[in-house]
Amino acid sequence: MKVSEAMTRDVQIARPDQTIREAASVMADIDAGVMPVGDHDRLVGMLTDRDIAIRAVALGKGPDTMVRDVMSSEIKYCFEDEDADEVCQNLADQKIRRIPVVNRDKRLVGILSLGDLARSAPEHEVGAALSAISSPGGAHSQSADGRW
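Residues numbered from 1 in each chain as written. Predicted model: local features only at pLDDT ≥ 70, side-chain atom pairs only at ≥ 80, totals over all residues. Heavy atoms only, no water.

Focus: the packing of aromatic side chains
Scanning the entire structure with this criterion turns up 1 aromatic pair. We note arginine 104 situated over the ring of phenylalanine 79; from NZ or CZ to the ring centre the distance is 3.7 Å. (Phe/Tyr/Trp six-rings, centres within 6.5 Å; stacked < 30°, edge-to-face > 60°. Lys NZ or Arg CZ within 6 Å of the ring centre and 35° of its normal.)

Written out as structure tokens, the structure reads:
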């Protein structure tokens with residue numbers, strides 16, 4: 001199965017010059033914990049509810065803080081024509097639950113989550129990925145000051 005068969009295509013995008021209040025409001029409306037950040041048709045970052053909590057609220061930053069100030073600018077992504085089982089293994093290895101999906105021109109075309117995979121991929125692959133992602137530590141553990 002290809003990533004394009006499992007991914008979510010309708011993706012809301014935050015802007016770097018948007019406030020975290022505006023982005024959080026959209027996240028609440030669409031019931032999502034992550035939003036890709038785009039600038040002039042290019043993916044420039046990812047914003048998670050955890051970024052807002054740890055990199056903004058925990059450090060005393062207000063709701064008018066710009067998305068660019070708290071987003072993760074190191075972006076992991078996959079291609080829509082990749083095999084979903086390989087991407088699932090990569091998610092496990094990197095301890096990430098969702099990943100933006102781009103086409104070969106590196107334009108955002110969707111997002112792939114463990115939930116998407118759970119609905120589409122074999123159970124054992126998703127279970128193994130979830131187990132690896134849920135173990136403590138890894139590249140996405142953050143300290144209170146936002147360092148990785």
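Some thoughts on unusual backbone geometry
Look at aspartate 31: it is not a glycine, yet its phi comes out positive at around 55°. With respect to the element layout, aspartate 31 can be found in the loop between α2 (20-30) and β1 (34-39). The backbone of lysine 106 shows a phi angle near 60°, a positive value even though the residue is not glycine. Within the element layout of this structure, lysine 106 appears in the loop between β4 (98-102) and β5 (108-113). (Helix = DSSP H or I, 4+ residues; strand = E, 2+ residues; numbered from the N terminus.)

Some points on the confidence of the model for the protein
Per-chain confidence: the protein averages 85 in pLDDT, with 81% of residues scoring 70 or above. For the protein, the element scoring lowest by mean pLDDT is helix α6 (residues 123-134), at 55; α2 scores highest, at 97. Low pLDDT (under 50) marks residues 139-148, which in the prediction has 22 contacts with non-local residues, meaning those over four places away or in another chain. (pLDDT = per-residue confidence, 0-100. Contact = heavy atoms within 4.5 Å.)

Some thoughts on the pairing of β1
For β1, a buried count of 5 out of 6 residues is recorded, marking the element as mostly surrounded by other parts of the structure. Bridging between β1 and strand β2 (residues 42-48) involves 6 bridges; their strand directions are antiparallel. Looking at the pairing, glycine 38 lines up with leucine 43 of β2. In this structure, the hairpin formed by β1 and β2 is closed by a connection of 2 residues, where histidine 40 is found at a positive phi of approximately 50°. (Buried < 20%, exposed > 50% of the residue type's maximum accessible area, 1.4 Å probe, protein only. Pairing = 2+ DSSP bridges.)

Describing the sheet that holds β4
Across the sheet, which stays open at both edges, the 3 strands sit in the order β3-β4-β5 with mixed pairing between neighbours. Single-partner strands in this sheet number two, and they are β3 (78-79) and β5. Pairing of β4 with β5 involves 5 bridges; the strand directions are antiparallel. Of the residues in β5, the one forming a bridge with proline 100 is isoleucine 111.

Focus: helix α4 (residues 84-94)
All of the buried residues in α4 are Ala84, Val87, Cys88, Leu91 and Ala92. What you see down the axis of α4 is that its buried residues fit within an arc of 145°, all on one side. Just downstream of α4 lies lysine 95, where phi reads positive at about 60°. (Arc of directions from axis to C-beta.)

Describing the pattern of salt bridges
For the structure shown, the criterion picks out 6 salt bridges. The partner of lysine 2 in a salt bridge is aspartate 83, and the shortest N-O contact between them spans 3.0 Å. Taken as a pair, lysine 2 in the segment before α1 (3-6) and aspartate 83 in the loop between β3 and α4 lie far apart in primary sequence, 81 residues in all. For aspartate 83, a relative accessible area of 27% translates into the label partly exposed. As a salt-bridge pair, glutamate 74 and lysine 76 come within 3.0 Å of each other at their nearest N and O atoms. Of the residues examined, glutamate 74 reaches a relative accessible area of 60% and is grouped as exposed. Relative accessible area serves as the criterion here: at 32%, lysine 76 is assigned to the partly exposed category. (Salt bridge = Lys/Arg side-chain N within 4 Å of Asp/Glu carboxyl O.)

What to know about the nonpolar core
For soluble globular proteins, nonpolar side chains are generally found buried alongside one another. Counting residues in hydrophobic clusters, the biggest one holds 15 residues, and the most contacted among them are Val3, Val87, Leu91, Ile99, Val101, Leu112 and Leu117. When residues of this core are traced back to their parent elements, those giving at least two are α1, α4, β4, β5 and α5 (114-120). No other element matches the 4 residues that α4 contributes to this core. If you look at the next biggest cluster of nonpolar residues, it comprises 12 residues, including Val37, Ala56, Val70 and Met71. (Core = buried A, V, L, I, M, F, W, Y, C linked by side-chain atoms within 4.5 Å.)

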